[in-house]
Amino acid sequence: MSYQEEQLSRYFKEVHIYGDLDIVVARGCKHDTPNESAPDIPHHVAIGLCSQGYAEMRKEEKTFQLRPGDLLLFLPGPTTRLTETSPDFDMDVIIYSIEYARNKFFRRTLPLSDLFRFLSQYSTISLPAGEEDFFTTTCQQVVHIIKSDNELFKEGILINLLTAMALWTNSHISRIVDAAPVVEKRAEELVSQFLHLVNVNFNEHRCLEFYADKLCITTKYLSNITRMVTHKSASKLISLAIIGEAKKLLVESRMTVSQIADELGFPNVSSFGKYFKKEVGITPTKIRHPI
């Protein structure tokens, strides 16, 4: 059992996996685990639905609540921590690899600018009455297909089910940000490719030149389009990926600060410490051992 599977099994009664963690459905929360970091699988996206009870969560400086009928989006980045749950709290989660989604099923129907605007303001979506049935039914269907012996059509069915889930989720984001689905634009496609490259390469490459060369554009144009689409500079987006992974490793792993610095591609622990303090305002040690 991998570390990720073990982590999910600590929190959920059922964990169903397709491929090399390409698709995961986790169902039924356990209540004998301490309130701590929510399960997190790097380079994956998760969509969870609270079916009963109550939970309070914290992501960086933002605290939010989950109640029945609330949809929660987990994206790679800063760790989400559980701070409180009711005894009857329960939720189901569909998790999928960003790489698998990009190659197999995901077609955006929402502009990246609206997606970033949503994520900067919200962590949850309160579904209209009856809409939770779509999520619950899709979860059940995905589990049924994962457990099926019919390998010939399994992947095709899963791709279609997850495409429907992505479109359904985007429709609710669109409703909140008051944005109609649009045809994908060149700038948004380039930013999407840039974010994918950052997600894969941030621990080895922090210079804009690397990403601009991969995209066959200039660093100036890369900076312009990332600001236009996400309201953040390209350098800031790279930094967010690095700091998000650093925080996760500091909080959740037993690696030393020196080992984490090496894992993230820094030449030594001193340069990692200076970079971290510049971006976060405190040292890595204080994240691991808060006063």
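Now for a look at the structure at hand. (Residues numbered from 1 in each chain as written. Predicted model: local features only at pLDDT ≥ 70, side-chain atom pairs only at ≥ 80, totals over all residues. Heavy atoms only, no water.)

1. Observations regarding the overall build of the protein
We apply this condition: Put simply, DSSP H or I for four residues or longer makes a helix, DSSP E for two residues or longer makes a strand, and each gets a number counted from the N terminus. Think of it in three bands: residues with accessible area under 20% of the maximum for their type are buried, residues over 50% are exposed, and the middle band is partly exposed, with areas taken using a 1.4 Å probe on protein chains only. By definition in these notes, contact holds between two residues if any of their heavy atoms fall within 4.5 Å. In this description, accessible areas are obtained by the Shrake-Rupley approach with a 1.4 Å probe, and a residue is regarded as covered only by the protein chains that are shown.
Within the protein one finds 12 helices and nine strands. Looking at the protein as a whole, 47% of its 291 residues are labelled buried. In the protein, of all internal contacts separated by at least 6 residues, the share reaching a separation of at least 24 is 68%. For the protein, the exposed surface amounts to about 14,900 Å²; the carbon and sulfur share of it is 51%.

2. Focus: helix α6 (residues 186-201)
Rules: What a helix is expected to span follows from its residue count: subtract one and scale by 1.5 Å.
Between its first and last C-alpha atoms α6 spans 22 Å; for 16 residues at 1.5 Å apiece the expected length is 22 Å, and the two agree. Buried within α6 are the following residues: A187, E188, L190, V191, S192, F194, H196, L197, V198, N199 and N201.

3. Quick look at the pattern of salt bridges
Our working rule: A carboxyl oxygen of Asp or Glu within 4 Å of a side-chain nitrogen of Lys or Arg is what we treat as a salt bridge.
Per the stated rule, a full pass over the model turns up four salt bridges. The partner of D92 in a salt bridge is R27, with the nearest N and O atoms 3.9 Å apart. Remark: R27 occurs in strand β2 (residues 23-29) and D92 occurs in strand β8 (residues 90-97); sequence separation between them is 65 residues. One salt bridge connects E151 with K154, and the closest N-O pair in it is separated by 3.2 Å. Of this pair, E151 and K154 both sit in helix α5 (residues 151-177), three residues apart, which is roughly one turn of that helix. Relative accessible area serves as the criterion here: at 54%, E151 is assigned to the exposed category. Through salt bridges with shared partners, a single ionic network connects K236, K278 and E279.

4. Quick word on the environment of A26
Looking at where A26 falls in the secondary structure, it is placed in strand β2. A relative accessible area of 0% places A26 in the buried class. Between the C-alpha atoms of A26 and G48, which are 22 residues apart in sequence, the distance is 9.1 Å. Discounting chain neighbours no more than four positions away, the residues touching A26 are F12, E14, M91, D92 and V93.

5. Some remarks on the packing of aromatic side chains
For any pair of aromatic rings, the description rests on two quantities: the centre-to-centre distance and the angle between the ring planes. Stated precisely, the cut-off is as follows: Two aromatic rings, drawn from Phe, Tyr or Trp (for Trp, its six-membered ring), form a pair once their centres lie within 6.5 Å of each other, and the interplanar angle then sorts them: stacked below 30 degrees, edge-to-face above 60, tilted otherwise. Geometrically, a lysine NZ or arginine CZ counts as sitting over a ring once it is within 6 Å of the ring centre and also within 35 degrees of the ring normal.
Enumeration over the complete set of coordinates arrives at seven aromatic pairs. Consider the rings of F194 and Y211, whose centres lie 5.5 Å apart with planes at 85°: the pair is edge-to-face. With F194 in helix α6 and Y211 in helix α7 (residues 208-215), the pair connects residues that are 17 residues apart, well separated along the chain. The exposure classification of F194 matches that of Y211, with both residues buried. Centre to centre, the rings of F266 and Y275 are 5.2 Å apart; their planes meet at 55°, and the pair counts as tilted. Residue classification places Y275 among the buried positions, given a relative accessible area of 19%. Ring pairing ties together the aromatic residues F266, F272, Y275 and F276, which thus form one cluster. Above the plane of the ring of Y275 lies R206, whose end atom (NZ or CZ) is 5.9 Å from the centre.

6. Some thoughts on a nonpolar patch on the surface
The criterion, for reference: Within the patch definition used here, like charges are joined within 9 Å and nonpolar side chains (Val, Leu, Ile, Met, Phe, Trp, Tyr) within 5 Å, considering only residues with over 30% relative accessible area and no salt bridge.
On the surface, L152, F153 and I157 cluster together to form a nonpolar patch covering roughly 330 Å² of accessible area. The residue L152 is located in helix α5 in this model.

7. Points about the pairing of β2
Heads up, the condition is: The rule for pairing is simple: two strands pair if DSSP sees at least two bridges between them.
Summarising burial for β2: seven of the seven residues are buried, a large majority. Examined bridge by bridge, strand β1 (residues 12-18) and β2 share six bridges and lie antiparallel to one another. Across the sheet, residue H16 finds its bridge partner in β2, namely V25. Where β1 hands over to β2, the hairpin turn is made up of four residues, of which G19 adopts a positive phi near 70°.

8. Considerations on the side chain of T169
Residue position: T169 is located in helix α5. What makes T169 buried here is its relative accessible area of 5%. For T169, the contacting residues outside a window of four places in its chain are I47, L71 and L73.

9. Notes on the sheet that holds β8
The pairing of strands in a sheet happens through backbone hydrogen bonds and is either parallel or antiparallel. Convention followed: Note on method: axes are straight lines fitted to C-alpha atoms, helices fitted across the in-contact stretch only, with angles between N-to-C directions ranging 0 to 180 degrees.
Across the sheet, which stays open at both edges, the six strands sit in the order β1-β2-β8-β3-β6-β9 with antiparallel pairing between neighbours. Edge strands, defined here as strands with exactly one partner in the open sheet, are β1 and β9 (124-126). This sheet shows a mean twist of 15° between the axes of neighbouring strands, independent of strand direction. Summarising the sheet, strand β3 (residues 44-52) and strand β6 (residues 70-74) pair through four bridges and their orientation is antiparallel. Across the sheet, G48 pairs through a bridge with L72, a residue of β6. Taken strand by strand, helix α4 (residues 132-147) contacts β1, β2, β3, β6 and β8, and its axis lies near 120° from that of β2.

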